[in-house]
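Listed below, chain by chain, are the residues.
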There are 2 protein chains.
Amino acid sequence: MSDQALRVPRQPSRPKKARSAERKRRSAVPANEPGAPISLAPLNRLAGYLIRQAQLWVFQDFNETLAPLDVRPVQFSILTLIGENPGLSQMALSRVLGIVRSGLVPLLDSLEGRGLLKRSASTTDRRSHALYLTADGRTLLVRANALVGEHEERLRQKVGPSGHKQLLKVLEVFGRGI
Amino acid sequence: MSDQALRVPRQPSRPKKARSAERKRRSAVPANEPGAPISLAPLNRLAGYLIRQAQLWVFQDFNETLAPLDVRPVQFSILTLIGENPGLSQMALSRVLGIVRSGLVPLLDSLEGRGLLKRSASTTDRRSHALYLTADGRTLLVRANALVGEHEERLRQKVGPSGHKQLLKVLEVFGRGI
DNA sequence: TATTGTTATACTCTATAACTATA
DNA sequence: TATAGTTATAGAGTATAACAATA
């Protein structure tokens, strides 16, 4: 964050000239009062919208809870899946996670660089890697599981014990079990 | 997509030299069979994981359903909120959406460029804009609501009618109602 | 001094195409 | 020919800092 000279400016995602054309004339119309209540009624009746809001809460609380270990949700999923299925290939992992195989590479690079997993040569197919947790990876996963338990408990308190049970049952259909 | 000369190469997110160091030695260890079933049990017991998987399904189905109108979930939320709260300011909108105000600018640029909304001058505060739907915006929102209804119906079929009712009730706590 | 909208910047995630090495 | 892993590339989403205009 200190060496600015190494940075290359990025291509802006939209051409600049389009923007000025987008805001040309602005007639004066009465606006809502600043402190006025905002109606969200139509959105709050959509289960899809509520699922999205719930997911944002989950990720935020997960990240805050797991911050001491610096573990994101997808990293936790990767470590858990490799721990449960030692020798997993990257292709199999990418299929289960719903991530294209090229997107998995930097994620595994990072975890391998931290010494949490290793890519071993497969004995059956020299193209593929067999993924294993290291001892450090197993140790971190134990600590992560404890924190995830705290996070899950906070979620249970948020929706209530019966709500939590209902979620596990109703959303079971979305769990990818192969 | 044709004029390659205009493109500026992007800064890779991670330094290249770190990668080779990350995969040094690879001992040969027995790997899981390629066709072997993969255990997801520990993840499928976490409500947070299931909420995430459900949200991925929701976005995918939403995008496929609304593709004819080229409306993403966040764009639908913006149009709905402005339709329900005409004259809304960008600050108020960004707070409700949970988006920082700078992130809202390109979203509104795009929708304004498509003629779906307009930024009008506020009568009370010359720093702020009052957001309104255009006639085209209202027309599109009507059509979008019909498609969102189809999407919601598919979600209801996915989790069952009683499951859908339970979701609306259990997840109500995540709906931001100000 | 503080706030609103904007710009510039950068990191993450996701996706596609092409390459290497293997099958 | 097809597949596993990798690289390069591009776009979306999200975040911070700084600026001008205004409060």
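Presented here is a report on the structure given in the accompanying data block. (Residues numbered from 1 in each chain as written. Chains lettered and ligands numbered in written order. Predicted model: local features only at pLDDT ≥ 70, side-chain atom pairs only at ≥ 80, totals over all residues. Heavy atoms only, no water.)

A count of helices and strands for chain A gives eight helices and two strands. Looking at chain A as a whole, 41% of its 178 residues are labelled buried. Only carbon and sulfur atoms are counted for the fraction: they give 54% of the accessible area of chain A, which is about 10,100 Å². (Helix = DSSP H or I, 4+ residues; strand = E, 2+ residues; numbered from the N terminus. Buried < 20%, exposed > 50% of the residue type's maximum accessible area, 1.4 Å probe, protein only. Areas by Shrake-Rupley, 256 points an atom, 1.4 Å probe, with all protein chains shown as cover.)

What follows deals with the side chain of Gln53(B). Tracing the sequence through the fold places Gln53(B) in helix H3 (residues 47–66). With sequence-adjacent residues up to four places away left out, Gln53(B) is seen in contact with Phe174(A) and Arg176(A). (Contact = heavy atoms within 4.5 Å.)

What follows covers the packing of helix H3 (residues 47–66) of chain A against helix H7 (residues 135–159) of chain A. All names here are of chain A. Following both chains from N to C, one finds H3 and H7 inclined at 140°, their axes separated by 9 Å at the closest point. By the criterion of interaxial angle, the relationship of H3 to H7 is oblique. In this structure, H3 meets H7 at a crossing whose hand is right-handed. Side by side, H3 and H7 meet where Trp-57, Val-58, Asp-61, Phe-62, Thr-65 and Leu-66 of the first sit next to Ala-144, Leu-147, Val-148, Glu-150, His-151, Arg-154, Leu-155 and Lys-158 of the second. (Axes fitted to C-alpha atoms, helices over the stretch in contact; angles between N-to-C directions. Parallel < 35°, antiparallel > 145°, perpendicular 65-115°, else oblique. Left-handed = near helix turned anticlockwise from the far one by under 90°.)

As a rule of thumb, nonpolar side chains are buried together in soluble globular proteins. Counting 84 residues, the largest nonpolar core has Leu93(A) and Leu93(B) as the members making the most contacts within it. Look past the residues within four positions of Leu93(B) in its chain and what remains in contact with it is Ile78(B), Leu81(B), Ile82(B), Leu88(B), Leu104(B), Leu108(B) and Leu131(B). (Core = buried A, V, L, I, M, F, W, Y, C linked by side-chain atoms within 4.5 Å.)

All names here are of chain A. At a minimum axis distance of 11 Å, the contact between helix H4 (residues 73–84) and helix H5 (residues 90–97) shows a crossing angle of 125°. On the basis of the axis angle, H4 is oblique to H5. Crossing of H4 against H5: the hand is right-handed. When H4 is examined against H5, the residues Ser-77, Ile-78, Leu-81 and Ile-82 are found in contact with a partner set consisting of Leu-93, Val-96 and Leu-97. Partitioned by chemical class, the residues of the contact of H4 with H5 number six nonpolar, one polar and no charged. (Nonpolar A, V, L, I, M, F, W, Y, C, P; charged D, E, K, R; others polar.)

Moving on: helix H8 (residues 161–170) of chain A. Looking at H8(A), one finds that the buried residues are Gly163(A), His164(A), Leu167(A) and Val170(A). Along the long axis of H8(A), the arc covered by the buried residues comes to 135°, so they all point the same way. Turned more than 90 degrees away from the buried face of H8(A), the exposed residues are Pro161(A), Ser162(A), Lys165(A) and Lys169(A). Where H8(A) is buried, its residues meet H7 of chain A together with H3, helix H7 (135–159) and helix H8 (161–170) of chain B. (Arc of directions from axis to C-beta.)

The residue Thr134(B) is located in the loop between strand S2 (129–133) and H7 in this model. Along the backbone, Thr134(B) and Gln55(B) are 79 residues apart, and their C-alpha atoms lie at a distance of 30 Å.

What follows is about the environment of Leu69(B). All names here are of chain B. Note that Leu-69 resides in the loop between H3 and helix H4 (73–84). Put simply, Leu-69 and Glu-152 are 83 residues apart on the chain and 17 Å apart in space, counted from C-alpha to C-alpha. Those residues in contact with Leu-69 that lie beyond four places of it in its chain are Arg-114, Leu-140, Arg-143, Ala-144 and Leu-147.

Looking now at the pattern of salt bridges. All names here are of chain A. As enumerated under the stated definition, the model contains twelve salt bridges over all chains in all. A salt bridge links Arg-119 to Glu-112; its shortest N-O distance comes to 2.7 Å. With respect to class, Arg-119 is no different from Glu-112; both count as buried. Overlapping salt bridges bring together Asp-109, Glu-112 and Arg-119 as one network. (Salt bridge = Lys/Arg side-chain N within 4 Å of Asp/Glu carboxyl O.)

All names here are of chain A. In this model, Asp-70 sits at a positive phi of 55°, which is unusual for a non-glycine residue. One can find Asp-70 in the loop between H3 and H4. The partly exposed category is assigned to Asp-70, whose relative accessible area is 40%.

As a further point, take H7(B). With 25 residues, H7(B) extends 36 Å from end C-alpha to end C-alpha; this agrees with the ideal 36 Å at 1.5 Å per step. The set of residues buried in H7(B) consists of Gly137(B), Leu140(B), Leu141(B), Ala144(B), Leu147(B), Val148(B), His151(B), Glu152(B), Leu155(B) and Val159(B). Buried residues along H7(B) sit in contact with H3 and H8 of chain A together with H3, H4, S2 and H8 of chain B. Gly160(B) lies just past H7(B) and shows a positive phi near 85°. (Expected span 1.5 Å × (residues − 1).)

For the rest of this paragraph, the subject is the environment of Ile99(A). Residues and elements named next belong to chain A. Its location among the elements puts Ile-99 in the loop between H5 and helix H6 (101–113). Looking at Ile-99, the relative accessible area reads 23%, which means it is partly exposed. Remark: the alpha-carbon pair of Ile-99 and Ser-122, spanning 23 residues in sequence, is separated by 21 Å.

What follows is about the side chain of His164(A). Structurally, His164(A) can be placed in helix H8. Those residues in contact with His164(A) that lie beyond four places of it in its chain are Glu152(A), Leu155(A), Arg156(A), Val159(A) and Ala47(B).

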